[in-house]
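# Summary of structural features
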Amino acid sequence: MKTTVRIRALLIATSLSLFAGCVGEMGSGDLLIEEREAGEFDRVVVSGGEGERLVQVVRVPWEEARRELPYLPPADGTEVFEADASTPVPPKTSLYAPSDRVQRRNRTATRFRAYGFAAISVGIVALILLVISIIGNGYNAFRQTYITIPVELTEARLDPAGNRDPAEMARVTTFGYAPLLAQALQQHLQGQGISMEGVTPRDLMAMISQEAPAQVRALVLANPEIVGQTVTMEMLAGGRIDGYFKGRVTLETAERDSNVSPAQLLLADRMVEAGMIETRFNWAFITGPDASDQRPEAAGLGIAILGSFYMMIVVLVLALPIGVAASIYLEEFAPQNRFTDAIEVNISNLAAVPSIVFGILGLAIFINFAGLPQSAPIVGGLVLTLMTLPTIIIATRASLRAVPPSIRDAALGLGASKMQSVFHHVLPLAAPGILTGTIIGLAQALGETAPLLLIGMVAFVREFPGAPPEGFFDPTSALPVQVYNWTQRSDPAFVERASGATIVLLVFLLFMNAMAVILRRRFERRW
């Protein structure tokens, strides 16, 4: 059976680059015919596998090329000829139509992009939920409820001798001030015409924070001349009353709570209408010290923030110069031998050691052996320095390695010594990466809890540490340890305080990481 086939000529390769690309796409046994001169063609045969292919190019006349490819057209562009039905006819292909293999590869790439997008989306959603949870539970810690009442400081109770001697007046404890506040609150409510139905004098005193008597006592001892006068005092409301205005306590839960009654909450509403109770921003949460388990409304982060600041100073002063010096020596001056290889392996291993191991080391060396005081910023700073050093060394070495060798060669070629080339040229160019690694290491140290627990910083500390350098040896706390302490207490108000402290810690971490990014972009150079 005969069939008529019309074939149009296709110029397969018109330049050497296209010709090389065609050969690169050919597999074993493929054959390519390309016209070189009038009536003569190049026959290209590819043999071998993917790893090693042999390409042969032979110049053949048109007649021989026609015998190998019966459908090869002449130079005029078209030809009509007859051939058997068994004559192979190449399928129609286009450079714009991808093959099945390319389509499979494209589908694989699309699936991979979809998997990556899904993973990033899950991570972002989890992060958003975490931030919403922390802010939702902790933002009320930055708000506090206050009760304002006039208090008569009777001389008979506070200064029986009448000589206004603070030493003698200090004998009156906070238990002596509590009845004054309860009486003042009751008299003020009666004067305002506010009903106290269902509320006993003891319940009235429970509406005021246990911190209030200590607050009035400190005011009297600092100003003895106010004894005998009536002073308007702004005092903290009790934890349950404060929680009522923050939505943590309701009338339904008050019926099951032994620390507050619905009558107290209703009285608090009437006091709000009379202008006696106000809820506003709580600066004392940031600047005040910690409080006991019975006074969650008075607990603050002041000591913890100051203790973390002191520890970061110790870490920065010790870890930065030691880490940078060690990195410069290992990267620029140390010989390549087994000893330096062992040091590099140990540095990499130390970066993966759990932080609690450094706490055990600090307890054994700095406290038990060296005799340094427990819960002191100097001990916490030394422990965190040991933990941060591997991070700074690894980041610094990477920054030094990123400086092109041509910088060193140019400096040496101009007569500079090895020391001069490193400190005058290489180190300034590596400074952005070094600063970034240092700040990230400090941020990591700021959030560590386990090593600080082992050196005694979990203790309850009420007094602020002194100014440096004495303050480095005074007992203090730290932000992550304060969060841990508050989560261990039973009052729900401390959970709110712990979430607020977490927000403060995250703000510090975000600030430090943002500063690292800004410094890197500000001083980074591209080659």
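Attention here is on the structure that accompanies the text.

## A word on the overall build of the chain
Along the chain, the regular secondary structure elements total 21 helices and 8 strands. The burial tally for the chain puts 40% of its 527 residues in the buried class. At a minimum sequence separation of 6, the contacts of the chain that also span at least 24 residues come to 71%. Counting only carbon and sulfur atoms, one obtains 61% of the accessible surface of the chain, whose full area is about 29,300 Å².

## A look at the sheet that holds strand 8 (residues 277-281)
The antiparallel open sheet is built from 3 strands, whose spatial order is 7-6-8. Edge positions in the open sheet fall to strand 7 (230-236) and strand 8, since each of these has one partner strand only. Put simply, the sheet's adjacent strands are angled 35° from each other on average, direction ignored. Both strand 6 (residues 143-152) and strand 7 contribute to a ladder of 7 bridges, which runs antiparallel. Bridge assignment links Tyr146 to a residue of strand 7, and that residue is Leu236.

## A few points about the environment of Asp165
Note on placement: Asp165 falls in the loop between helix 4 (155-158) and helix 5 (166-169). Residues Asp165 and Glu225, 60 residues apart in the sequence, show an inter-C-alpha distance of 9.9 Å.

## Brief notes about the packing of helix 15 (residues 355-369) against helix 16 (residues 377-402)
Between helix 15 and helix 16, whose axes approach to 9 Å, the crossing angle comes to 130°. Looking at the two axes, helix 15 sits oblique to helix 16. The way helix 15 lies across helix 16 gives a crossing that is right-handed. Listed contacts from helix 16 to Ser355, Phe358, Gly359, Leu361, Gly362, Phe366 and Ile367 of helix 15 are Val379, Leu382, Val383, Leu386 and Met387. Each residue belonging to the contact of helix 15 with helix 16 can be placed in one class, and the counts come to 9 nonpolar, 3 polar and no charged.

## Remarks on the side chain of Ser327
As for its placement among the helices and strands, Ser327 is situated in helix 13 (residues 302-333). Exposure remark for Ser327: the relative accessible area of 0% places this residue in the buried category. The residues touching Ser327, leaving out its near neighbours within four places in the chain, are Ile392, Ile393, Thr396, Arg397 and Leu400.

Cut-offs applied
- Residues numbered from 1 in each chain as written.
- Predicted model: local features only at pLDDT ≥ 70, side-chain atom pairs only at ≥ 80, totals over all residues.
- Heavy atoms only, no water.
- Helix = DSSP H or I, 4+ residues; strand = E, 2+ residues; numbered from the N terminus.
- Buried < 20%, exposed > 50% of the residue type's maximum accessible area, 1.4 Å probe, protein only.
- Contact = heavy atoms within 4.5 Å.
- Areas by Shrake-Rupley, 256 points an atom, 1.4 Å probe, with all protein chains shown as cover.
- Pairing = 2+ DSSP bridges.
- Axes fitted to C-alpha atoms, helices over the stretch in contact; angles between N-to-C directions.
- Parallel < 35°, antiparallel > 145°, perpendicular 65-115°, else oblique.
- Left-handed = near helix turned anticlockwise from the far one by under 90°.
- Nonpolar A, V, L, I, M, F, W, Y, C, P; charged D, E, K, R; others polar.

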